[in-house]
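Each chain, written out:
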Amino acid sequence: MIKASFEWILKKVRNYNLFMLDKDDYDEDIKDPILVLKHQKYKTWLYVIFLTVCLYILFYITITKIESETIVISNITPDIFAKLSFEHGKTLSCPCTTITIPYKSFVFNNITMHSVCSSVFVDKQWIERLYFEKASLFLPIDFRTTAFSQFKLLSKFCSFSEELISQIQTNVYNTEFVTIELFSERQVELNVNGTIEFQKNDARGRIMSFVDYLRMAIRGINFVSALGTNRIITILQTTDQTYHTATSSVKYTSNNDMNLKCLLTDSIIVNTSDPLEFSQRIHLYAIPKSTIVKGFFAGCIPLEAIFESTLDCLYELECVQLLLEYFPNLNQMDINWNNSILSSKHENMSVINYLNNLFVVNWSKKINYSAYFNQCSPSMCTYTTKTPVVLSYAITLFISLYGGLIIILRLFASYFIDIIFESKACSNENSNQQNTNTITVIQSMKRLNLFKKIHHRTEENIKQQRIITRVYLILLFASICILCLFTTLNNEIVTITELNPSLTTYKSLERIYSTAVQCPCSNKTISFQTFISFSPTFHQICSSGFVTEHWISILKISSGDQIINDWRQQAYVQFQILSDLCQLANKTIYDAIQRFLSQVFIVSSMINEINFDEQLVTSLKQFYQSTEYNFHLLKEIVPLIIQVDQFYGAVGKTDMNDLKTDLTVEVIMDETTNNQAVRLLFIPNGIQEINSTLIKYSCSINPDSQMPAVIYKHLFDFNSNNHKNLIVNMSGSVRGCLIIDSLFFSTLQCLYIDSDCFILLLSYLRKTSTSHVVSESSPLPLPINPLVYDPTVSRFPPNTSISTMMKLLMVEQWNSFSSYQLFYESCAPIYCSYFQKSNKTTFVGVIIILVSMIGGIAVSLRILTPYLVKLIFKMTTICKKTTEQVHRNCLDQLKIRIQNIIQRLRNKLVGLNIFKSHEIGSNVDRVTARTYGLWATRLYIVLFLTGLTILTFYTMIQPKVLTTKFDYPSSTRYNHLKEIYSNELKCTCSRISSTYIQFVKIELVFHLVCTREFISEAWRLDFLSNLVPNLTVYEQKDYRRFLPAHLQFLQRLCQMSIESVNNSINELLTSSLVTVELLSQINFKNRIDVLIEQSKSNTPVLFSRLLIFIQSIFHGNAFMSMYGTNFEYTGTVALYKFLYMPTKAIIYDNKCSCGLSSNCTTQAIFIERNSSKNITIKGIKMGCTPSESFLLSTLECFYDQSCLNLTQQYTNYKNSLNPLSTTNLSRFLPNTTINELMKNLFIEKLSTEINYSTYYEHCLPSICSHTTIAKFNIFYTISVILSIQGGLTIALKWICPKLIRIGSKIYYNRRRQITSIHPTDSLEMSCNVIQNTNENIEMTQMNIISQNNIMSRRIRLFSKMIYVIVLLLCLALGIIVFPIFYVQQNSTTHVSLVADFSSTMTTTILTSSSTSEPICHPQFEQLSFNVYCRAYSLFLSTVADVNLDNRIDVILYCDSYPSINVLLGNGNDVVPYPYSLCTD
């Protein structure tokens, strides 16, 4: 069987001929038929081989091509994004419609503070009931002394923390989340956490730096508390009615070490009412009959005590009840104390640690990712994947290539064989005939006829056919040329992807393609600490021996018994402050660096090194400026309050009975006992002349006064027998009003090695050893080296003031080190993609397109060209007619022609047969072939239209990502594109980093008072120059004592407000605007407006909050103003006995006590000497301190000419003063308080000018693109139709006839199986019916036997064919499946394709009617019978109804071949396939 199959296949292959002439074709040259047949077979074999090889190669190249495909997903939901992020997170990109989203739209904070901040213990009622008017009479260690102050400070810490938390939340909520692309929920959470943590750390860092600086200043100046907790005043009366005051330090330990005198100890409540001795107040030893208050401490000042307290007492009801016992006023509160104790978990933490955490116990946040997602509103998501060719595309391509290759290879094979045989023939001819080859070729071209018709061979027909051929070839050649040009010149924006690029690769791509390169980071939130580090170097003084305890102890020993104006008197304090400042600067910078490094660098895509450096430089510059300014603000505000309020300090005072108290005694009568008492008045601070006791500068009038610092050397003049003081100048050192002023105004010149002062300084210091102090003449074994100035290392010359150095935090170099490589590794881009204009297809792709489309073009032109040429000929004929006839008959002719066309078209379609007889089969007669051709034509049309429609429609509906690119658009064109594409237009900036100052201009208008002469230093000094320097000559309530402080405070408030605003604006304008994509004008303006509003809200809050916080700290510690306006020393005296002088708070209007509140005020007045007349000053207040009272005052006097004239009169100012103009529009009324003006930083108006054109020019978008998902492209659809058409045409022309013949055979085989033949004696026939004879029975039996034999042979043959076909199909399937399997195995990304195929099986059921019909004369149509008999040997034997279906059947007898043929009728006058029965 297998052998027979192969023999059959071999026979078919040998006889297979695809180049035989059609029925309408003919050969103009007379050739040997045998030779022609031989050539045709050669052509067929060559054609089949080339077709198979080419088709397989091109199909294999296409099917194995793996491309990076960009998948576009629309209608994004959070669930879809989460799934895409999980599956394709590395290449997923979902651009946001809104790129700036405020946190307040999707972030919610839930903050739980420590229960003490919401308890009764910070309530005003609780605090006021802890107040004792005579608290200074208790021991410093007694809790009753400082309870009011400690709880008031605790309350302030809570309220201050709440304000900071509120500000943090406001800052977080107003912060805009820049999200160019949609972030995952985890990335959003990391970013939100980073922002909140930075805001928290920044707030904590600022407040703790401020607290540390404040504590340092308080310790350095040694302010005296009115509570007597750090220093007490005693008074002694002598017999000559002379009073002597002395001051002593309070020691909280029995240790003799003087540095430990303020060591904290447990706070107690003394249970005795016995009078306290003086020694008990300065040496706080264990006191009997006392009760410890758990968790509270006593110290030099209440601030230090509350900082170290753990609040244990507030967690226990017994301890609270103890407080109720010793603070009787607390019992007046209607509170259930059982429910008032603290409920928070007791963590045994100190208050300062709570403050460091802003009293926050729990800070939780809730992120509404859905709200963020809706705000981002991504229109689509894209991801890149490597996919093989889609099956539908492979099928379409296969059909297209098949159509093109058949046409090309038929021509190639035909001409190739002809050329070979012609060349052999030519080699046998003479060489003279070679000259005629060119002529022969030209003649052949002229005679070329591709539209031959055997029945149209007239000269005119042949001429027309040749013209059609030439037009066809011209159109075909032109179409191919146009197609080649269009394909080769058709450029597109190609996205090229480079996977896992190295840094070198990225730099190379960035250098070539610049901003077109996009490398999405796998980690979009990168901590700064991953790629940047700091190693700051400080001024050498901070690492020298001059800030060590050893040096400071030497200076302190050397300060004893010195003249008060001697530099050595306060030198140790200055160096102690300098040491503290160095430590504070170091800590401040370290904390600031940690906060900076904890920030995250948000980057969606990798940025080049230039932009990286620009952004980093801008960020670092802003970080440096912000850190330096925040510290500078502390340095300015604290001294300002100290200078304005003139707090009493004990710098330079000894620890025991120092008589230099700066106090005078005034004898008064005690109002309660009518006994004689004394009141101590403060001597105003001033700077004395060198070697004199006269005051040269009044610190109240000019707090910035300074004198050179000197050392007094005691010498004995033997000539005059007197002691003299040799004055030695300390180079660079200055003596100011305050010890901290002396330090800040000074330089370090004296400490440098090239200064003569350094050796001189050492010679005037006392020497010390580990156990004793030696004489001045002994050598000084110092391990301290002088400073060395190196201009290449230090930016501070020796003559730089310490104030200037502290303004820069003593930093020489920040020494930041950044690594672009580490940044790249942290970004970790998975791939880099860039747009490139390139040819849409490669050379191989062009070949494939040409091959796939040439079939459709050739078929289309072969159909259209004849009609086109005929139309032209007819138009030419019509044009030859006269014009009148054309106009007269045009409409009629048009109608007739349309009718004729319709009729012809109908007739043509009805009888259309596109299949030639040999295409049906060589063994089919012409009649049957024509019938089969008609059915095959109709099947062909149906299948062709159906297949073309399905494949075209499927191709049309496939979504395609279309990116429209606009290179370097101008501003005008961009605006036009923006109107068209709206937010879908994306423009990539050439420079992604810029500073706001380049396109934003901010103009400020301040309050008029801050622009007039009132804030001028020169005017202020001139205005106050006629006042008496010693302000104590004026009455205690005379405003002239306050006037210098108020004017200085107004001046500094204006200056610091302007400085703060300018710094904030400068910080904003110098910050970076990082925009990878161009912002629209609306988004750009909105973003700047938000930043400006944040700056406007944050700057005043910071300034006013710090100012108020300082005032609260000073009041909470009960520091005494040297104006004598908040506390005063008053008490009784004893003869020759030092008695303790308690303090008393000053009472103002409405019985407001400065001990309870710092806001107590009264109307400011001028008091005339020797007169009871008091002159009120409009809008001005006096109170506990000048700073507090001035903040509660207004500027009404500055608007009133008479009020200004009054101040001129009482200050003896000779120049004229003009009031503030009320005609100028101001948002502040004249009666607005200074505090309100300060909270608004005296800003009247802030205007912003935004230049979007400058921003656009700076961004300079290199490319704008618009990406859409298109499902229909007319040009692509036309190309698909042309490609598919050719292949379908040729494929269906080969398949349809086979399907018809197979269907016909199946149909007749089924008919034969159900056919039964019954012998009868006779048949009734009307219309001349032939009667049967007895031979019919024998013939029927013979036919049945013959039919069975034939059927068995056909079944065996059919089985062989099926077997062979199965083998061929397996082989073809293996060849086709191999490349597909290869692609799938080698693809890096597997894409699951789910295709739903629905198949419909149509079953045709043949039914026969059971109703008898009269048998009539049959009308037969002559057909070509497929019988085993020659035509001349076939005889009609009889007609009969053989199978009893009421239809006439024909029985034929073959003479040449002994057989009987039965033709069964089918009722439509057509006799179908015959059944043959052998008669043998």
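Just above, that's the structure.
Worth saying up front: this structure is predicted, and the values here are computed from it rather than measured.

The rules behind each value
Residues numbered from 1 in each chain as written. Predicted model: local features only at pLDDT ≥ 70, side-chain atom pairs only at ≥ 80, totals over all residues. Heavy atoms only, no water. Disulfide = S-S within 2.5 Å. Helix = DSSP H or I, 4+ residues; strand = E, 2+ residues; numbered from the N terminus. Buried < 20%, exposed > 50% of the residue type's maximum accessible area, 1.4 Å probe, protein only. Polar contact = N/O pair within 3.5 Å; in protein donor to acceptor, adjacent residues only side chain to side chain. Axes fitted to C-alpha atoms, helices over the stretch in contact; angles between N-to-C directions. Parallel < 35°, antiparallel > 145°, perpendicular 65-115°, else oblique. Contact = heavy atoms within 4.5 Å. Nonpolar A, V, L, I, M, F, W, Y, C, P; charged D, E, K, R; others polar.

**Thoughts on the state of the cysteines**
Link 1 in the chain: A complete count under the given rule lists 15 disulfides for this structure.
Link 2 in the chain: There is a disulfide in this structure between C519 and C832, and the S-S distance comes to 1.8 Å. Judged by the torsion about the S-S bond (115°), the C519/C832 disulfide is right-handed. In this pair, C519 is assigned in the loop between β12 (517-518) and β13 (525-527) and C832 in strand β25 (residues 831-839), connecting sequence segments 313 residues apart. Residue C519 shares its accessibility class with C832, and that shared class is buried.
Link 3 in the chain: One disulfide in the model links C521 with C827; its S-S distance is 1.8 Å. Judged by the torsion about the S-S bond (-95°), the C521/C827 disulfide is left-handed. In this pair, C521 is assigned in the loop between β12 and β13 and C827 in helix α22 (residues 820-827), connecting sequence segments 306 residues apart. Note on accessibility: C521 and C827 belong to one class, buried.

**A short note on the environment of T179**
Link 1 in the chain: Along the chain, T179 turns up in the loop between β4 (176-178) and α6 (185-221).
Link 2 in the chain: Separated by 84 residues in the primary sequence, T179 and P95 have C-alpha atoms spaced 8.5 Å apart.
Link 3 in the chain: A polar side-chain atom of T179 sits 2.5 Å from the main-chain carbonyl oxygen of E181.
Link 4 in the chain: A polar contact of 2.9 Å, which involves the side chain of T179, links it to the side chain of Y372.

**Digging into the packing of helix α28 (residues 1017-1024) against helix α29 (residues 1043-1069)**
Link 1 in the chain: The geometry of α28 relative to α29 is characterised by a closest axis approach of 11 Å and an angle of 175° between their N-to-C directions. As summarised for this structure, α28 and α29 are arranged roughly antiparallel, according to the angle between their axes. In contact with E1017, W1019, R1020, F1023 and L1024 of α28, α29 contributes L1043, P1044, L1047, Q1048 and Q1051.
Link 2 in the chain: In the contact of α28 with α29, the residues fall into six nonpolar, two polar and two charged.

**Focus: the environment of F966**
Link 1 in the chain: Along the chain, F966 turns up in strand β26 (residues 960-967).
Link 2 in the chain: Considered as a pair, F966 and H1266 are 300 residues apart in the sequence and their alpha carbons are 8.6 Å apart.
Link 3 in the chain: Excluding anything up to four places from it in sequence, F966 contacts R973, L977, Y981, L985, S1262, I1263 and C1264.

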